[in-house]
Amino acid sequence: MLVIPAIDLREGHCVRLKQGRKSDAKLYDGDPLEIAQAYVRDGAEMLHIVDLDGAFGDPNSLNRQMLRRIVLNVEVPVQFGGGMRTVKDIRQVIEFGVTRVVIGTLAVEAPETLQKVVDLCGGESIAVGIDARDGEVMTRGWETKGRVSAIELAQQVARSGVERIIYTDVASDGMLCGVNIEQTCAIARESGLRVTASGGISSLDNIRQLKAASECGIDSVIVGTALYEGRFTFKEAVAV
């Protein structure tokens, strides 16, 4: 079970949202690059970085600049998403050195473009972020219903050649209420893909529960708010 720390960016700063609402953002002190480097020192094998401005359709060059700084100054792979809605966007961040690009809205609204990207970049370079509320996919920064179930989308993207899904239960994200293990396992079983769990991790017990359920196809977990709020340290999460 790989534990991946999250760094969410708004206007170049590190923030966390509750249930993905941009009106409910909490700003955290510290330079995002220094935070990233600290995670790596504590054992992080990958970083998960999100451009929240891009996810909401508000491109912010400060976030891209910060992404580039982080990629150039850490020695672990970087997974990046948020506003990746064109082939140009995806190519740009791969040129920055991003190892894996997370695509969400594009997979729902333009599956033919997703297929083009997979064909160009390879399935290992692309992960599809499936963000759902009550089993229904949410898009455009979790503000729009995608009119497709999470299970249906998981099955569709599996056929495209994508190798990984990042599943987030929107109702849990940032709420420190525990991850939705049952639905995350269902996504893994129905798609046959490797799945990264995201949203709601609040304790080391949550990570233990995910590890116990790993046979269904969950092999990693993204942790954000719990680390910033001091619920546990990253070193403790890695030890689990």
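Look above for the structure.
Residues numbered from 1 in each chain as written. Predicted model: local features only at pLDDT ≥ 70, side-chain atom pairs only at ≥ 80, totals over all residues. Heavy atoms only, no water.

### Details of the state of the cysteines
Put simply, the test is: Cysteine sulfur atoms that come within 2.5 Å of each other are treated as a disulfide pair. Helix and strand assignments follow DSSP, with helices taken as H or I runs no shorter than four residues and strands as E runs no shorter than two, numbered in order from the N terminus. When a residue's accessible area, from a 1.4 Å probe over protein chains only, is under 20% of the maximum for its type it is buried; when over 50% it is exposed; and in between it is partly exposed.
Applying the stated criterion to the full structure yields one disulfide. Between the sulfur atoms of Cys 185 and its disulfide mate Cys 216 the distance is 2.4 Å. With the S-S dihedral at roughly -75°, the linkage between Cys 185 and Cys 216 falls on the left-handed side. Here Cys 216 lies in the loop between helix 9 (204-212) and strand 12 (218-223) and Cys 185 lies in helix 8 (residues 181-191), a separation of 31 residues in the sequence. Pair check on accessibility: Cys 185 and Cys 216 agree, each one buried.

### Some remarks on the pairing of strand 8 (residues 136-139)
For clarity, the cut-off: What makes two strands pair is DSSP finding at least two bridges between them.
Sheet topology places strand 7 (residues 126-133) next to strand 8; two bridges connect them, and they run antiparallel. Pairing of Ala 132 across the sheet is with Val 137, part of strand 8. The hairpin turn running from strand 7 into strand 8, its antiparallel successor, is two residues long, and Asp 134 in that turn takes a positive phi close to 55°.

### Thoughts on the side chain of Arg 100
In plain terms, the rule: Charge convention: Lys and Arg are scored as positive, Asp and Glu as negative, and His as well as the terminal groups of each chain are ignored. By convention in these notes, a salt bridge is any Lys or Arg side-chain nitrogen within 4 Å of a carboxyl oxygen on Asp or Glu. The contact rule is simple, with two residues in contact once any of their heavy atoms fall within 4.5 Å.
Tracing the backbone shows Arg 100 in strand 6 (residues 100-103). Of the side chains with opposite charge, Asp 219 lies nearest to the buried Arg 100, which makes no salt bridge, at 7.2 Å. Apart from residues lying up to four places away in sequence, Arg 100 is in contact with Met 46, Val 78, Gln 79, Phe 80, Glu 124, Ser 125, Ile 126, Ala 127 and Arg 164.

### Here's the deal with the pattern of salt bridges
Any two side chains of opposite charge can pair, so long as their charged atoms come close to each other. Applying the stated criterion across every chain yields a total of seven salt bridges. For Asp 42, the salt bridge is made with Lys 235, and the minimal N-O distance between the two is 4.0 Å. With Asp 42 in the loop between helix 1 (32-41) and strand 4 (47-51) and Lys 235 in helix 11 (residues 234-239), this pair connects stretches of sequence that are 193 residues apart. The class of Asp 42 is partly exposed, set by a relative accessible area of 30%.

### Details of helix 6 (residues 111-121)
Condition: The arc refers to the directions leading from the helix axis to the C-beta atoms.
Leu 114, Val 117 and Val 118 are the residues of helix 6 that are buried. Taken end-on, helix 6 shows its buried residues confined to a sector of 100°, consistent with a single buried face. Residues of helix 6 that are exposed and point over 90 degrees away from its buried face: Glu 112 and Asp 119. Phi turns positive one or two residues past the end of helix 6, at Gly 122, with a value near 95°.

### Some details on the pairing of strand 5 (residues 78-81)
For clarity, the cut-off: Look down the strands so they point away from you; if the path from the first strand over the helix to the second goes clockwise, the crossover is right-handed.
Burial of the side chains of strand 5 extends over both faces: Val 78 and Phe 80 are buried on one face and Gln 79 and Gly 81 on the other. Here four bridges tie strand 4 to strand 5, and the two strands are oriented parallel to one another. Its bridge partner being in strand 5, Ile 49 is matched across the sheet by Phe 80. Pairing of strand 5 with strand 6 involves three bridges; the strand directions are parallel. Note on strand 6: the bridge partner recorded for Gly 81 is Val 102. Between the parallel elements strand 5 and strand 6, the chain passes through helix 4 (residues 87-96) in a crossover that is right-handed.

### Observations concerning the packing of helix 3 (residues 61-73) against helix 4
Test applied: In this analysis, axes come from line fits to C-alpha atoms, helices being fitted only over the stretch in contact, and the angle between any two N-to-C directions falls in the range 0 to 180 degrees.
Closest axis-to-axis distance for the helix 3/helix 4 pair is 9 Å, and the angle between their directions is 35°. Of the residues in helix 4, those touching helix 3 at Arg 64, Leu 67, Arg 68 and Val 71 are Asp 89, Gln 92, Val 93 and Phe 96.

### Regarding the environment of Gln 155
Where we set the bar: Each polar contact in these results corresponds to two N or O atoms within 3.5 Å; when the atoms are within protein, one needs to be able to donate a hydrogen and the other to accept it, and residues that are neighboring in sequence are counted only if both atoms are side-chain atoms.
Along the chain, Gln 155 turns up in helix 7 (residues 150-160). Separated by 3.4 Å, the side chains of Gln 155 and Glu 190 make a polar contact.

### Focus on unusual backbone geometry
If you check the backbone angles, Glu 11 has positive phi at about 50° while not being a glycine. Considering the arrangement of structural elements, one finds Glu 11 in the loop between strand 1 (2-10) and strand 2 (13-18). With a phi close to 55°, Asp 134 is a non-glycine residue in the positive phi region. Along the polypeptide, Asp 134 turns up in the loop between strand 7 and strand 8.

### Some details on the side chain of Arg 164
Positionally, Arg 164 belongs in strand 10 (residues 164-169). A distance of 3.4 Å separates a polar atom in the side chain of Arg 164 from a polar atom in the side chain of Ser 220. Residues in contact with Arg 164, not counting those within four places in the same chain, are Arg 100, Ile 126, Ala 127, Val 128, Leu 193, Arg 194, Val 195, Thr 196, Asp 219 and Ser 220.

### Observations concerning the packing of helix 6 against helix 7
Heads up, the rule is: Here the angle decides the label: under 35 degrees means roughly parallel, over 145 means roughly antiparallel, 65 to 115 means roughly perpendicular, and every other value means oblique. Crossing handedness follows the turn of the near helix against the far one: under a right angle anticlockwise gives a left-handed crossing, and clockwise gives a right-handed one. Residues are grouped as follows: Ala, Val, Leu, Ile, Met, Phe, Trp, Tyr, Cys and Pro are nonpolar; Asp, Glu, Lys and Arg are charged; every other residue, Gly included, is polar.
Packing of helix 6 against helix 7 brings their axes to within 10 Å, and their N-to-C directions diverge by 40°. One element, helix 6, and the other, helix 7, form an angle in the oblique class. Crossing geometry of helix 6 relative to helix 7 is assigned as right-handed. Side by side, helix 6 and helix 7 meet where Leu 114, Gln 115 and Val 118 of the first sit next to Val 157, Arg 159 and Ser 160 of the second. Residue composition of the contact of helix 6 with helix 7, by class: three nonpolar, two polar and one charged.

By themselves, these are just geometric observations and shouldn't be taken as functional.
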